[in-house]
Amino acid sequence: QKEVEQNSGPLSVPEGAIASLNCTYSDRVSQSFFWYRQYSGKSPELIMSIYSNGDKEDGRFTAQLNKASQYVSLLIRDSQPSDSATYLCAASTYFGNEKLTFGTGTRLTIIP
Amino acid sequence: GAVVSQHPSRVICKSGTSVKIECRSLDFQATTMFWYRQFPKKSLMLMATSNEGSKATYEQGVEKDKFLINHASLTLSTLTVTSAHPEDSSFYICSVPDFVGRYNEQFFGPGTRLTVL
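Going along each chain's sequence as written, the residues are numbered from 1 onward. As a convention, the first chain written is A and the first ligand written is 1, with the rest following in written order. In view of the model being predicted, local features appear only for residues whose pLDDT reaches at least 70, and side-chain atom pairs are presented and counted only at 80 or more, with totals across whole chains, interfaces and linings using the full set of residues. Excluding hydrogens and water, the side-chain values take into account all heavy atoms of the structure.

## Notes on the sheet that holds strand β3 (residues 19–25) of chain B
Residues and elements named next belong to chain B. Selection rule: Strand pairing is assigned whenever DSSP detects at least two bridges linking the two strands. Going along the chain from the N terminus, every DSSP run of H or I of four or more residues is numbered as a helix, and every run of E of two or more is numbered as a strand. Axis definition: a line fitted to C-alpha atoms, over the contacting stretch in the case of helices. Angles run 0 to 180 degrees between N-to-C directions.
Strand order across the open sheet formed by four strands is β1-β3-β8-β7, with antiparallel pairing between neighbours. In the strand order of this sheet, the two ends are held by β1 (4–7) and β7 (67–73), each with one partner. Neighbouring strand axes in the sheet, compared pairwise and without regard to direction, differ in orientation by 15 degrees on average. Where β3 and strand β8 (residues 76–81) come together, six bridges link them in antiparallel fashion. Among the inter-strand pairings, Ile21 is bridged to a residue of β8, identified as Leu79.

Here you go:
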C-alpha cells in the first residue's frame, strides 16, 4: 500500500526564520511529488511540485527530492505569519491522470 | 493551472435526504476529475475518480450506491450523497488534473462543507 508520511507537528517557527517540512514515501515507483498549503477551513492550494532529484526553488520556497532515500522536503525562507497553515505532501506514481496519495499534513505556526 | 469551482460551498440538510455537489472546471476540459473527503483535522481521502463518459472508479471502502458520481461533460462532475446521515458530514473537495509543462498537477476546487442534522 502506498504511504506518504509526515510529522504532524505542530511546528512552530519564529518569523523570519527558515521552516523545514519533511515527508517520506514508501512506493519506490512514485514519480511526482507535490506540496500543498491548506488554510483552516479552505481547500488545498498547490505551492510546489518536484519530479527530479535535487532542489527546486520558487521564491521563498525550495522543494528537495531524494529518490534514493524516498524523501521530500519543503523549506520556507523568511517565514511570515501568513505561512501559518497545514502543509500536505502528496505523491503520484505516473505522469498521467494518476491519483495522489496524501500525507496527514504538518501544521506550521509562524510566531511573530 | 486549472481553475475549479464547486457549488454549493456549504449545505445543511436533514438526515435521509440527498445532496448534490457540482464541480466545474472553468478553463480546462477535464476527462478526469477526483473527489476527496476530509474530516476535521484529518488528511484528504480520495473517494473516487470521475471519468467523462464512463463509470466512476471508487476507492476501496467507498459505497458507490451512496456516493453517486456523474461526469456529464468535460467541464462538470457531480457527486450526490444519497440518504445522507450525520456521519457523512464532512468537507468534500474535487480536483482537476492539468498538464503543466510535461507533468500533471492537480488543482482543487474550494470545497463543499456538508452538515447532516
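## Some words on the environment of B:Phe91
Heads up, the rule is: For this analysis, residues touch if any pair of their heavy atoms sits within 4.5 Å.
Among the secondary structure elements, B:Phe91 is positioned in strand β9 (residues 90–100). Considered as a pair, B:Phe91 and B:Phe107 are 16 residues apart in the sequence and their alpha carbons are 16 Å apart. Beyond its immediate sequence surroundings of up to four residues, B:Phe91 is in contact with A:Gln38, A:Gly41, A:Lys42, A:Ser43, B:Tyr36, B:Arg37, B:Gln38, B:Pro110, B:Gly111, B:Thr112 and B:Arg113.

## Observations regarding the nonpolar core
The nonpolar side chains of a soluble globular protein tend to be buried, and buried together. What counts is decided by this rule: Definition of nonpolar core: a set of buried residues of the types Ala, Val, Leu, Ile, Met, Phe, Trp, Tyr and Cys, connected through side-chain atoms within 4.5 Å. Under the scheme applied here, a residue whose accessible area is under 20% of the maximum for its type counts as buried, over 50% as exposed, and between as partly exposed, the area being computed with a 1.4 Å probe on protein chains only.
Core analysis: the largest hydrophobic core is formed by 41 residues, its most contacted members being A:Tyr36, A:Phe102, B:Tyr36 and B:Leu114. Of the residues forming this core, the biggest block, five residues, is contributed by β9(B). When near neighbours in sequence (up to four residues on either side) are disregarded, A:Phe102 contacts A:Val4, A:Tyr36, A:Leu88, A:Cys89, A:Ala90, B:Tyr36, B:Ser43, B:Leu44 and B:Phe108. Formed by 23 residues, the second largest nonpolar core is a distinct cluster that contains A:Leu65, A:Val72, A:Ala91 and A:Leu108.

## Here's the deal with the pairing of strand β2 (residues 10–13) of chain B
Residues and elements named next belong to chain B. Of the two faces of β2, the one lined by Val11 and Cys13 is fully buried and the one lined by Arg10 and Ile12 carries no buried residue. Both β2 and strand β11 (residues 112–116) contribute to a ladder of four bridges, which runs parallel. Each residue of the ladder has a partner; that of Arg10, found in β11, is Arg113.

## What about the sheet that holds strand β3 (residues 19–25) of chain A?
The strands that make up a sheet pair up through hydrogen bonds in the backbone, lying either parallel or antiparallel. Residue and element names in this part refer to chain A. If you trace the five strands from one edge of the open sheet to the other, you get β1-β3-β8-β7-β6, paired in antiparallel fashion. Sheet topology places β1 (4–6) and β6 (54–58) at the edges, where each strand pairs with a single neighbour. Going from strand to strand, the sheet's axes swing by 20 degrees on average, the running direction of each strand aside. Pairing of strand β7 (residues 61–66) with strand β8 (residues 71–76) involves six bridges; the strand directions are antiparallel.

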